[in-house]
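Structural features, examined
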Amino acid sequence: METGNASALSSPRARLLPRLPALTSYLGRGLFHFLLTLQGLGAFALITLGVMITRFGAAREVIRPRIFQEAARAGLRLLPMFLFMAAALGLVVIGQTVSWLAPVGAIDFLGTVMVIVVVRELGPLATALLVLARIGTANVIELGTARAMGEVEALEALGIDPIHYLVVPRVIGMALGVFALTVYLILGALLSGYLWAFVQDVPLRPGDYFHQLASALSGLDFALLAVKTLAFGSIIALVTCYHGLAQPLRLEEVSRATVAAVAQSIIACVLIDALFIIIYLVT
Amino acid sequence: MTGHLPAPAGAPAIEMTDVAVGAMRDPDTIVAKQINWTVNAGEYWVVAGLHGSGKSDFLMLTGGLMPPRQGRYQFFGGAMPIFEEARLKERLRLGLVFDGGQLFNHLTVAENIALPLRYHYNLSRSQAAATVSKLLECTELAPWAESTPGTLGRGWQKRVGLARALALKPEVLLVDGPLAGLDPRHVKWWLGFLDQLAKGHPLMQGRPLTLVVTTADIRPWKGHARQFAVLRNHGFVVLGAWEQLKAASGELVRELLTEPSQTE
C-alpha cells in the first residue's frame, strides 16, 4: 500500500497537484496587480488629459520653454544616433531583401518591402523603443528621485500643479520627439536602403526606386504613421511619469520603478502596434 | 501679491480644532492628535519637539499638503487643505520652507526663486529678474544665483528655500527646522532675518509676517519667538510666552531647555 502511495505521489500529476493552489494564487496575484496597474495608469492618463485641457495656455512663459526643452531632449538631441540607426536599418532590410529577391528576379518589390517593413512597422516601433531606452528611463529616474527628495511636495506648497509642470511638457515633448525622429529614421532608412542596393549592384535606377515607394504608399500610411508615433510618445511619457510620480517613492525604489516602467512601456507600444496592424488589415 | 488684502493683526490665521496629524509617508500612522491651536495674524510661534515627534508632518499639514486625519483646520476662515483651483490665491497666502530646502535640482538658484513668480504671474525671466535680484540680495545668495542647488551647502540651500517661499509675498510663513545643522553664523542670520520678517521687512513692504517655526532645540529662540508650543507623546501642548515655558513642568520641556544639542 505504502509502495502504491509512493509511486502515485511520484507521478508528475501528483507532484503538480499540491502546487496548484500556489500556482493559481501566483497567477491571481499577477492578474490583480496587472489590473491595478492598468487602473492606475488609466486614471493618471485621464488626470493628465484633464490638466492639459483645463490649464491650456496657463503659465505659458514657464510651460512652453519646458515643452521645447523636452521635445529637444526626446527629439533633436537623439538625431545623430537615429541617423546611424537609419543607415543600419536600410542596410539590414535591403541587404536581406536583395539576397532573397534577386535570385527570383523580384527586384521590382524593393520599394514595397521598404514601405511595409520600415514605414509601417520597424520605423515607428524602433524609434519608440530607442526613445524609451534613452529618455523614458531618464524620466523615471528624474521624477522618482524628485518624488523621493520631496520636490513634488515643494511644488504643491508653491501652488504649482506637479502634473502641469512635470508631466504635461514631457507628454507633449515626447510625442513630438517620437514623431519627428520616426520621420527622420524612415527617410534615412529609405535613402540608405537605395545606397546599399546600389552598392550591391542591383540594377535599379533612383527614379524607379522612388516610383516603387510612391506607389506602395497611400494617404492612410501618412495618417496612421502620425497617429501611431504620437501615441507611442504619449504612452511612453505617461507610463514613465506614472512610475516616477504617481506614488511616494524612496530612493532605493527608483530602480524597481524604472524596470517596471520600461517593461510596461514596451508592452503598451507592442499592443498599440498590434492594434494598428489590425487597422491596416481591416482597411 | 496674492490678491488678498492682508489680514488685520490679531485676526485668526490658523485655527485647528481637535486635529489629528497623520505621517506624510505613512498615512496610517497618527503622529499627533487632539490639537487645538489658534495662530493670529502677526504672531511668531515656535513649535518644539524632539526628533521623530512629528514636527515636519505637523508643518506639512499646517502648510496644506495633507488633510487632517480628524478634526477641523481653517486657514483665514476657509477650510484647509485647499486643492481647488478657484481658491489658489487663498492658498498662496501661506508660504512653506522645508527642512532640507527641497529645491529643484534641475534649476539654478535664481530659477528656483523665480519659478513660483513666473508660474503664477506668467512672467518671463526678465520680468521676474528685479524681484529675484532683491530676494537674492536679502538672503545673501547673489554670488550663487547661477549655481545649481547641489553645489551649495545645507545652510545656503535653506536660504534658497526661504527666498523661494517669500517670492509670492505670503502672509503666513511656516519654516521647518531652520536652525538644524547650521553653524553659528547662519544661526545668527536666520534669527535676525526671521525677527525682521516678524516685525515687517522692507521686502514685504514692511508688513509683519505671521511666523510658525519648528525646532528640536528651543534655547536659541529665547528673545526671538513670542509664543511656544511643544509636540510630545502624540499630543500638542501650547505653552505660551518664554516665561510660561520656563515655568512649565515636564521632562520634555526641561530637556528642551537644558540638554546640550548636537543638531542645532
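The present account deals with the structure reproduced in this document.

Thresholds applied
- Throughout this document, residue positions are counted from 1 along each chain, in the order its sequence is written.
- Numbering of ligands from 1 and lettering of chains from A proceed in the order in which they are written.
- Local features in this predicted model are restricted to residues of pLDDT 70 or higher, and side-chain atom pairs are both shown and tallied only at a pLDDT of 80 or more, whereas totals for entire chains, interfaces and linings draw on every residue.
- As a rule here, side-chain values come from all non-hydrogen atoms in the structure, and water together with hydrogens is ignored.
- Strands here mean DSSP runs of E at least two residues long; helices mean DSSP runs of H or I at least four residues long; both are numbered from the N terminus.
- What the globule rule says is 2.2 Å times the number of residues to the power 0.38, and the radius of gyration is computed from C-alpha atoms.
- Using a 1.4 Å probe on the protein chains alone, a residue whose accessible area is under 20% of its type maximum counts as buried, one over 50% counts as exposed, and one in between counts as partly exposed.
- Contacts are assigned to residue pairs that have any heavy atoms within 4.5 Å of one another.
- Surface accessibility in these figures is a Shrake-Rupley result with a 1.4 Å probe; residues are shielded only by whichever protein chains are displayed.
- His is not counted, nor are the chain ends, whereas Lys and Arg count as positive and Asp and Glu as negative.
- Taken as the charge location is NZ of Lys, CZ of Arg, CG of Asp or CD of Glu.
- The term nonpolar core refers to a set of buried residues drawn from Ala, Val, Leu, Ile, Met, Phe, Trp, Tyr and Cys, joined through side-chain atoms within 4.5 Å.
- All the domain ranges listed were derived from an automatic or database domain assignment.
- Buried area, as used here, totals the accessible surface that two parts lose on assembly, with accessibility defined by a 1.4 Å probe and the loss added over both.
- The working definition used for a salt bridge is a side-chain nitrogen of Lys or Arg within 4 Å of a carboxyl oxygen of Asp or Glu.
- In the analysis that follows, any N or O atom pair within 3.5 Å is treated as a polar contact, provided that within protein one partner can donate a hydrogen and the other can accept it, and provided that, for residues neighboring in sequence, both atoms belong to side chains.
- Polarity classes work like this: nonpolar for Ala, Val, Leu, Ile, Met, Phe, Trp, Tyr, Cys and Pro, charged for Asp, Glu, Lys and Arg, and polar for all others, with Gly in that last group.
- Throughout, an axis means a line fitted to C-alpha atoms (over the contacting stretch in the case of helices), and angles, computed between N-to-C directions, take values from 0 to 180 degrees.
- Angle categories: roughly parallel below 35 degrees, roughly antiparallel above 145, roughly perpendicular from 65 to 115, and oblique for all the rest.
- Left-handed describes a crossing whose near helix is turned anticlockwise from the far helix through less than a right angle; right-handed describes the clockwise counterpart.
- Paired strands are those between which DSSP finds at least two bridges.

Within chain B, the regular secondary structure consists of 8 helices and 10 strands. A compact globule built from 264 residues should have a C-alpha radius of gyration of about 18 Å, and chain B, at 18 Å, falls within 12% of that. Each of the 264 residues in chain B was classed as buried or not, and the buried ones make up 58%. If you take every contact in chain B between residues at least 6 apart in sequence, the share linking residues at least 24 apart comes to 68%. In the structure as shown, chain B presents an accessible area of about 11100 Å², 52% of it carried by carbon and sulfur atoms. Between the averaged position of the 27 positive side-chain charges in chain B and that of its 24 negative side-chain charges there is a distance of 4 Å.

Let us now look at the nonpolar core. Membership of the largest hydrophobic core comes to 104 residues, with the highest contact counts inside it found for B:Ile14 and B:Trp37. Per element, the largest residue contribution to this core is 15 residues, and it comes from helix α7 (residues 162–199) of chain A. Two domains each donate at least three residues to this core, and these are domain 1 (10–93 + 172–201 + 210–264) and domain 2 (101–169) of chain B. In this structure B:Ile14 touches B:Trp37, B:Thr38, B:Val39, B:Thr62, B:Tyr73, B:Gln74, B:Phe75, B:Val172, B:Leu174 and B:Val212, once residues within four positions along its chain are discounted. B:Trp189, B:Leu209, B:Ala225 and B:Val253 belong to the second largest nonpolar core, which has 53 residues in total.

Below, the discussion takes up the interface of chain B and chain A. Listed as interface residues are 25 residues of chain B and, on the opposing side, 25 residues of chain A. The largest share of the area that chain B buries against chain A comes from B:Arg25, B:Phe104 and B:Tyr119, three residues that together contribute 33% of it. On the surface where chain B and chain A come into contact, there are 1 salt bridge. In this structure, B:Glu85 engages A:Arg55 in a salt bridge whose closest nitrogen and oxygen atoms are separated by 2.4 Å. Along the contact surface separating chain B from chain A lie 11 residue pairs in polar contact (both at pLDDT 80 or more). Of the residues forming the side of chain B that touches chain A, the biggest block, 5 residues, is contributed by helix α3 (residues 109–121) of chain B. Of the residues contributing to the side of chain B that touches chain A, the split by class is 14 nonpolar, 6 polar and 5 charged.

A separate point is the environment of A:Val152. All names here are of chain A. In this fold, Val152 is placed in helix α6 (residues 151–157). Spatially, the C-alpha atoms of Val152 and Pro248 are 9.7 Å apart, while their sequence positions differ by 96 residues. If sequence neighbours within four positions are ignored, Val152 has contacts with Ala146, Arg147, Pro162, Leu166 and Leu245.

Residue and element names in this part refer to chain B. It is the contact of α3 with helix α5 (residues 154–166), at a shortest axis distance of 7 Å, that shows an interaxial angle of 25°. Considered as vectors, α3 and α5 are oriented roughly parallel to each other. Crossing handedness for the pair α3 and α5: right-handed. Listed contacts from α5 to Val109, Asn112, Ile113 and Pro116 of α3 are Val160, Ala163 and Arg164. Among the residues forming the contact of α3 with α5, the class breakdown is 5 nonpolar, 1 polar and 1 charged.

Time to look at the pairing of strand β3 (residues 44–48) of chain B. Residue and element names in this part refer to chain B. Most of β3 sits out of view: 5 of its 5 residues are buried. The alternating pattern of β3 places Tyr44, Val46 and Ala48 on one face and Trp45 and Val47 on the opposite face, and all of these are buried. With 5 bridges joining them, β3 and strand β8 (residues 210–215) adopt parallel strand pairing. Paired with Trp45 across the strands is Val212, a residue of β8. Bridge count between β3 and strand β9 (residues 227–232): 4 bridges; the pairing is parallel. Residue pairing in the sheet places Val47 in a bridge with Ala229 of β9.

Here the structure, examined in full by the defined rule, presents 18 salt bridges over all chains. As a salt-bridge pair, A:Glu253 and A:Arg250 come within 3.4 Å of each other at their nearest N and O atoms. B:Arg87 is paired through a salt bridge with B:Glu90; the nearest N and O atoms lie 3.0 Å apart. It is possible to trace a salt-bridge network through shared partners that takes in A:Glu70, A:Arg73, A:Glu142 and A:Arg170.

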